[in-house]
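Secondary and tertiary structure notes
Chain by chain, the residues:
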Amino acid sequence: MGGRSRIRSEIDQLLTRLVPRRPGTPPGCSAADQQHPGDFDGEPTGRPPHPLDRAAINPWPAPTWCEDHTDSTWYVTRFKACGVFPGDVTVHDVRTGRVTGKMHYLAVGYSYSKRDIKAWAYQVKLVQVNASGDAVGSSAKGKGTCSGKCKVTESKFPSQAMGRDREAVGQFFFDTTIKARPKGDKGAGYGTAHWNFANSRWGAPTNDITLSQPSVRCDNALPGTSQIGCVMPYIPEMVYAKRGEYPELAKHIEYAQNTKRLPGKHGTTRYLTRLTNKDKIKQNRRKACPSSRPRPAGKQCDEYPFASTWQGASTGGGHFNWRMINATQNEEGGKALARFYLYNRILEKDRFLVWIKP
């Protein structure tokens, strides 16, 4: 199955529908964060609005957490980004300057990538909140573009009527231009949605309005796989639990973070950064847990920060902690960390945190 088909299938199957809500005044938004079309100095022609059938584009349902925010901000996880951006259209009579119509709408941006696909998707849904006068009966159309390490493979944003029960939807697919060879390449792509509004009462459509999504990094540099994949700019967290599968490991990390004040703790910006050089990883292990240190029966020496980070015992300047813990928990906990690296495409010097739950 192709990359775009797989993305479509996952979007349709895994996500739930966003129910747009009427926004209040966005708190703490800077002008650069908001997407407004500005005032349109259109001259009403007196012609009645031309009815448009809704285009055959079914919107992808956005994540449920997206509807909690209408503050002109992108909210991002490792593979999803969503944001709700209020906008306004004001229609003026160019001869008198009189306002003859207004429309308030929400632009709901949603983007989706996957860890083992070189493509990603971006959708903009325009939801009319209210309209009056010469703004009633407007339509929207647009296109998608991409800059950086990417290209547009599909762009759908035909003219669609706006109304109380009508939404205009644009959907775009992008491919990274990163190649499979040579290994070690990475780069960011930046998708942008463009649209304008038109109305049969106006002399011309509005200027283009744009909404750019957060950057999407794609790479072929992940150890353990040859597949290209793409992620969003989100710092992931490895989770261990004191009542989980590796309680001794979790308690050691908690002690190291809280008592020894070592980096990587959930809720802080003292990040761990991944180290992939095998020789340096061995040096970290040898310094933290030398073979001369006695191991009780059934125990192994565990070090924190992890040997596979630049904050490890040797590469981190000697600030570390060690503890003898259950051997099975140490081995299986290490395998879980390796799966975390692989799933989240944690590359060399990528940042992450470790969350110890009860």
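I will try to describe carefully the structure that is included in this document.

Some details on the sheet that holds strand β14 (residues 237-241)
Pairing in this open sheet of three strands is mixed, and the strands run β14-β18-β15 from one edge to the other. Each edge of the open sheet is held by one strand with a lone partner, namely β14 and β15 (272-273). In terms of strand pairing, β15 meets strand β18 (residues 351-357) through two bridges, oriented antiparallel. The residue bridging Thr273 from the neighbouring strand is Arg351, located in β18. Sheet strands touched by helix α4 (residues 327-343): β14 and β18. Its angle to β14, the strand with the most contacts, is close to 155°.

Observations regarding the state of the cysteines
One pass over the structure, following the stated rule, counts four disulfides. Shown here is the disulfide that connects Cys66 with Cys82, its sulfur atoms set 1.9 Å apart. In this structure, the disulfide formed by Cys66 and Cys82 twists by about -70° around the S-S bond and is classed as left-handed. Of this pair, Cys66 sits in the loop between β1 (39-40) and β2 (75-76) while Cys82 sits in strand β3 (residues 80-92), placing them 16 residues apart in sequence. Cys82 matches Cys66 in its accessibility class, with the two residues each being buried. Here Cys146 pairs with Cys150 through a disulfide, and the sulfurs are 1.9 Å apart. Across the S-S bond linking Cys146 and Cys150, the dihedral sits near -110°, which makes this disulfide left-handed. Of the two residues examined, Cys146 and Cys150, each falls in the buried class. For the protein chain, the bonded cysteines connect in the pattern 1-2, 3-4, 5-6, 7-8 when numbered consecutively along the sequence.

Concerning the pairing of β14
A one-sided burial pattern is seen for β14, the buried positions being Met238 and Tyr240 and the unburied ones Glu237, Val239 and Ala241. When β14 meets β18, the two strands line up parallel, connected through five bridges. Residue pairing in the sheet places Ala241 in a bridge with Lys357 of β18.

Details of the packing of aromatic side chains
Counted under the stated rule, the structure contains 13 aromatic pairs. Ring centres of Trp120 and Phe174 lie 5.6 Å apart, and the angle between their planes is 50°; on these two criteria the pair is classed as tilted. Within this pair, whereas Trp120 is found in strand β5 (residues 119-133), its partner Phe174 is found in strand β9 (residues 167-176), the two being separated by 54 residues in sequence. The buried category is assigned to Phe174, whose relative accessible area is 0%. Note on Phe157 and Phe172: the rings are 6.4 Å apart at their centroids and 45° apart in plane angle, and the pair reads as tilted. Placement of the pair is Phe157 in the loop between β7 (150-156) and β8 (160-161) and Phe172 in strand β9, with a sequence separation of 15 residues. Residue Phe157 is classed as buried on the basis of its relative accessible area, which comes to 5%. The exposure class of Phe172 is buried, given its relative accessible area of 0%. Among the aromatic side chains, those forming a connected cluster through ring pairs are Trp74, Phe85, Tyr122, Phe157 and Phe172. Note that Arg293 overlies the ring of Trp322, its terminal NZ or CZ placed 3.9 Å from the centroid. A cation over a ring is seen here: Lys349 above Trp310, with NZ or CZ 5.2 Å from the ring centre.

Re the layout of surface pockets
Of the volumes computed, that of the largest pocket is approximately 560 Å³. The wall of the largest pocket is formed by 25 residues, among which Arg285, Ser308, Gly334, Leu337 and Tyr341 lie closest to the centre. Elements supplying a minimum of two residues to the lining of the largest pocket: α3 (278-288), β16 (299-304) and α4. Looking at the lining of the largest pocket residue by residue, the class counts come to 12 nonpolar, seven polar and six charged.

Some points on the pattern of salt bridges
Within the structure shown, the criterion is met by nine salt bridges. Residues Asp134 and Arg201 are paired through a salt bridge, measuring 3.6 Å at the closest nitrogen-oxygen approach. A residue pair is termed long-range when its members are at least 10 positions apart, and Asp134 in the loop between β5 and β6 (139-148) and Arg201 in the loop between β10 (186-198) and β11 (209-212) qualify at 67 residues. For the pair Asp134 and Arg201, a shared accessibility class is recorded, and that class is buried. Salt bridges here are not isolated pairs; linked through shared partners, they connect Arg78, Arg217 and Asp350.

Each value, and the rule that gives it
Residues numbered from 1 in each chain as written. Predicted model: local features only at pLDDT ≥ 70, side-chain atom pairs only at ≥ 80, totals over all residues. Heavy atoms only, no water. Pairing = 2+ DSSP bridges. Helix = DSSP H or I, 4+ residues; strand = E, 2+ residues; numbered from the N terminus. Contact = heavy atoms within 4.5 Å. Axes fitted to C-alpha atoms, helices over the stretch in contact; angles between N-to-C directions. Disulfide = S-S within 2.5 Å. Buried < 20%, exposed > 50% of the residue type's maximum accessible area, 1.4 Å probe, protein only. Phe/Tyr/Trp six-rings, centres within 6.5 Å; stacked < 30°, edge-to-face > 60°. Lys NZ or Arg CZ within 6 Å of the ring centre and 35° of its normal. 1 Å grid on protein atoms, 1.4 Å probe; cavity = no way out; pocket = protein on both sides within 12 Å on 5 of 7 lines; lining within 4 Å. Points joined across faces, edges and corners; volume = space filled by probe spheres on them. Nonpolar A, V, L, I, M, F, W, Y, C, P; charged D, E, K, R; others polar. Salt bridge = Lys/Arg side-chain N within 4 Å of Asp/Glu carboxyl O.

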